[in-house]
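Tertiary structure, described
Single-letter residue listing:
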Amino acid sequence: MQFYIQAGSPRSTETFDETDINLSEAIESVFPLYTENGIIVWNGVYIPLSYKYDISVMIIDIINMLSTLKANEEGDMQISWSSDSFDAVWNLRWNLSEIVISSEWNNVLGDVVDILKTKPVVKLEKEHFFSEWKMMLKIVKDELSKAGYTDSKLPDIHMLKDILMRLERFGILYS
């Protein structure tokens, strides 16, 4: 398997912060610093993602990426992941059934950038790629809900709920 995501079982603060004005801020409020990470496995290399700092920064790009892939049978796009501890550029190219991601790795936790640079490309079924994100996004949505974030208190939470409804199945570790 060239690409999969282990969502982990992160603890939540279950804390609602009324000053949060967007999804990124709410995720950072809900997840503590010291909890389980999510893990992207890229060509056998394990890359940790902090819910508090990586996922909170990446969430809108993740939602936009998945929405664009769902809306277009074929195409290409570039994503510049901008988290300090997940700094990479993904060039995505897809058709009706598969996706190819060519990566440029700059910085990730775990001191594995040099290894990742030797394995820059993954190719997989498009539906498999979608499914791998579902559990991680579900955890985020569930923990936001437990903390009291609703559509009326956090308007852009609807984007997260919408993409989750459009992801048909869970990834390889959760199906």
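Computed from a predicted model, the values in this text were never measured in an experiment.

Thresholds applied
Residues numbered from 1 in each chain as written. Predicted model: local features only at pLDDT ≥ 70, side-chain atom pairs only at ≥ 80, totals over all residues. Heavy atoms only, no water. Helix = DSSP H or I, 4+ residues; strand = E, 2+ residues; numbered from the N terminus. Buried < 20%, exposed > 50% of the residue type's maximum accessible area, 1.4 Å probe, protein only. Contact = heavy atoms within 4.5 Å. Phe/Tyr/Trp six-rings, centres within 6.5 Å; stacked < 30°, edge-to-face > 60°. Lys NZ or Arg CZ within 6 Å of the ring centre and 35° of its normal. Patch = residues over 30% accessible without salt bridge, like charges linked within 9 Å, V, L, I, M, F, W, Y side chains within 5 Å. Areas by Shrake-Rupley, 256 points an atom, 1.4 Å probe, with all protein chains shown as cover. Salt bridge = Lys/Arg side-chain N within 4 Å of Asp/Glu carboxyl O. Pairing = 2+ DSSP bridges.

**Concerning the environment of Phe130**
Examined against the element boundaries, Phe130 turns out to sit in helix H4 (residues 126-146). A relative accessible area of 2% means that Phe130 is categorised as buried. Sequence separation of Phe130 and Leu167 is 37 residues, and the distance between their C-alpha atoms is 6.2 Å. Leave out the neighbours within four places in its chain, and Phe130 touches Leu66, Leu69, Lys70 and Leu167.

**Description of the packing of aromatic side chains**
Scanning all chains against the criterion turns up 14 aromatic pairs. Between Phe3 and Trp133 the ring centres are 6.3 Å apart and the planes differ by 40°, which places this aromatic pair in the tilted class. Placement of the pair is Phe3 in strand S1 (residues 3-6) and Trp133 in helix H4, with a sequence separation of 130 residues. Accessibility expressed as a relative area gives 0% for Trp133, which makes it buried. Look at Phe86 and Trp105: their rings are 5.6 Å apart centre to centre, the planes differ by 85°, and that puts the pair in the edge-to-face class. Here Phe86 is found in strand S5 (residues 86-94), whereas its partner Trp105 is found in strand S6 (residues 98-108), with 19 residues between them in sequence. Neither Phe86 nor Trp105 differs from the other in exposure class; each is buried. Site record: aromatic cluster; members linked through ring pairs are Phe3, Trp42, Trp81, Phe86, Trp90, Trp105, Phe129 and Trp133. The side chain of Lys134 reaches across the aromatic face of Phe170, ending 4.9 Å from its centre. The lysine or arginine in question, Lys153, covers the ring of Phe16, its NZ or CZ lying 5.1 Å from the ring centre.

**With respect to the side chain of Ser29**
Counting through the fold element by element, Ser29 comes out in helix H1 (residues 23-30). Take Ser29: its relative accessible area is 18%, and that puts it in the buried class. Setting aside residues up to four positions removed in sequence, Ser29 forms contacts with Thr13, Thr15, Asp17, Asp20 and Tyr149.

**Quick notes on a nonpolar patch on the surface**
A cluster of nonpolar side chains, Met1, Ile172 and Leu173, forms an exposed patch at the surface whose accessible area comes to about 310 Å². Note on Leu173: relative accessible area 43%, which makes it partly exposed.

**Re the pattern of salt bridges**
Taken as a whole and assessed by the stated rule, the structure comprises 6 salt bridges. Of the charged contacts, one joins Lys146 and Glu143 as a salt bridge, the two residues approaching to 3.1 Å between their closest N and O atoms. With Lys146 and Glu143 both in helix H4 and 3 residues apart, the pair spans about one turn of that helix. Note that Lys161 and Asp151 form a salt bridge whose closest N and O atoms lie 3.3 Å from each other. With Lys161 in helix H5 (residues 157-166) and Asp151 in the loop between H4 and H5, the pair connects residues that are 10 residues apart, well separated along the chain. Connected via shared salt-bridge partners are Lys138, Lys141 and Asp142.

**Quick notes on the pairing of strand S3 (residues 45-49)**
Burial of S3 is extensive: 4 of the 5 residues sit out of reach of the surface. Sheet topology places strand S2 (residues 38-42) next to S3; 5 bridges connect them, and they run antiparallel. Within S3, the position partnered with Ile40 by the bridge is Ile47.

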